[in-house]
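Analysis of the macromolecular model
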Amino acid sequence: MSTTRRLTLRVGGHYFSYQQQVGVKVATDSYIQIKPDFAIAVAQANLTWHPFRRSSFFLTGGVGYTWHPDLRLTLTTQDKLNLDGLELLPEDVGTVNLGFRWHPIVGYLGWGFGRSIPRSRLGVGFEMGVFYLGKPSVQLEYEGFLETTTIDEQVPIAERNLSNYRYLPSLNLTVSYRLNKSK
């Protein structure tokens with residue numbers, strides 16, 4: 001492998017989404033409905049370096065931009081909620097919107113096996129890495145019985161407890177195709 005082929009610029013993206021509503025049983029015939037809005041969409045540019053001439057092992061690092069850097073949950077109930085003798089009607093429970101937001105500019109480091117430019121027409125590779133998202137912030141909006149509590153005072157505590165959730169692991173299977181003939 002020539003020196004010029006040991007360092008490669010890669011541009012790509014990732015997308016994952018989950019928005020299926022879930023019912024969580026909190027007591028007999030009492031459910032809280034949780035509607036997640038979880039989507040990760042990242043466009044990134046990486047430099048990939050093959051440190052050994054005759055090996056497919058590589059190291060990679062780069063930067064990305066995510067236009068949906070948050071996880072949001074909406075909590076409601078459709079029926080009467082029974083919490084150890086305390087009965088709440090759906091209008092008493094209200095709606096809780098909880099969100100966790102990270103920085104939109106992310107860093108990336110990873111390693112793997114596979115060639116950026118395959119020796120034959122088709123190449124397959126494997127990569128493990130981690131995105132650095134930064135410290136999350138907590139967003140909380142609510143109506144209903146939570147308005148009578150001091151839950152707003154707990155938001156800074158939750159942010160401090162979540163401050164170590166700054167990393168997002170990534171596992172990739174890559175397929176590459178060589179357009180020109182081998183020389």
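Figured I'd write up the structure that's included with this text. (Residues numbered from 1 in each chain as written. Predicted model: local features only at pLDDT ≥ 70, side-chain atom pairs only at ≥ 80, totals over all residues. Heavy atoms only, no water.)

All right, on to the overall build of the protein then. A tally of regular secondary structure across the protein gives two helices and twelve strands. The order of helices and strands in the protein, counted from the N terminus, is β-β-β-β-β-β-β-α-β-β-β-β-α-β. A compact globule built from 183 residues should have a C-alpha radius of gyration of about 16 Å, whereas the protein, at 23 Å, is more than 25% larger. Principal axes of the C-alpha set define a box for the protein whose edges measure 75 × 30 × 25 Å. Across the protein, contacts joining residues at least 24 apart in sequence account for 70% of those joining residues at least 6 apart. Looking at the protein as shown, the accessible area adds up to about 12,100 Å², and 59% of this sits on carbon and sulfur atoms. Side chains of the protein give 19 positive and 15 negative charges; the mean places of these two sets differ by 36 Å. (Helix = DSSP H or I, 4+ residues; strand = E, 2+ residues; numbered from the N terminus. Rg over C-alpha atoms; globule rule 2.2 N^0.38 Å. Contact = heavy atoms within 4.5 Å. Areas by Shrake-Rupley, 256 points an atom, 1.4 Å probe, with all protein chains shown as cover. Lys, Arg positive; Asp, Glu negative; His and termini not counted. Charge placed at Lys NZ, Arg CZ, Asp CG, Glu CD.)

Before going further, it helps to examine the pairing of strand 9 (residues 105–113). Taken residue by residue, a regular strand's side chains alternate between the two faces of the sheet. Burial of strand 9 is one-sided: the residues Val106, Tyr108, Gly110 and Gly112 facing one way are buried, the residues Ile105, Gly107, Leu109, Trp111 and Phe113 facing the other way are not. As paired strands, strand 9 and strand 10 (residues 122–132) are joined by seven bridges and run antiparallel to one another. Each bridged residue has a counterpart across the sheet, and for Gly110 the counterpart in strand 10 is Gly129. (Buried < 20%, exposed > 50% of the residue type's maximum accessible area, 1.4 Å probe, protein only. Pairing = 2+ DSSP bridges.)

On to the layout of surface pockets. Empty space within the largest pocket amounts to approximately 390 Å³. Forming the boundary of the largest pocket are 23 residues, of which Arg10, Val11, Gly12, Glu127 and Thr174 lie nearest the centre. Elements supplying a minimum of two residues to the lining of the largest pocket: strand 1 (7–18), strand 3 (30–49), strand 10 and strand 12 (167–177). By residue class, the composition of the lining of the largest pocket is seven nonpolar, 13 polar and three charged. (1 Å grid on protein atoms, 1.4 Å probe; cavity = no way out; pocket = protein on both sides within 12 Å on 5 of 7 lines; lining within 4 Å. Points joined across faces, edges and corners; volume = space filled by probe spheres on them. Nonpolar A, V, L, I, M, F, W, Y, C, P; charged D, E, K, R; others polar.)

Quick look at the pattern of salt bridges now. Scanning the entire structure with this criterion turns up five salt bridges. The partner of Arg72 in a salt bridge is Asp37, with the nearest N and O atoms 2.9 Å apart. Residue Arg72 is located in strand 5 (residues 70–76), and its partner Asp37 is located in strand 3; the two are separated by 35 residues in the primary sequence. We note a salt bridge from Arg72 to Asp70, for which the minimum N-O separation is 3.5 Å. Linked through salt bridges whose partners overlap, the residues forming this network are Asp37, Asp70, Arg72 and Arg101. (Salt bridge = Lys/Arg side-chain N within 4 Å of Asp/Glu carboxyl O.)

As a further point, take the environment of Ile117. You can see Ile117 is positioned in the loop between strand 9 and strand 10. For the pair formed by Ile117 and Leu179, sequence separation is 62 residues and the distance between their alpha carbons is 9.7 Å.

Looking now at the packing of aromatic side chains. Overall, the coordinates contain eight aromatic pairs when judged by the stated rule. Here Trp111 and Phe126 contribute two aromatic rings whose centre-to-centre distance is 6.4 Å and whose plane-to-plane angle is 75 degrees, an arrangement assigned as edge-to-face. Remark: Phe126 occurs in strand 10 and Trp111 occurs in strand 9; sequence separation between them is 15 residues. For Phe126, a relative accessible area of 35% translates into the label partly exposed. (Phe/Tyr/Trp six-rings, centres within 6.5 Å; stacked < 30°, edge-to-face > 60°.)

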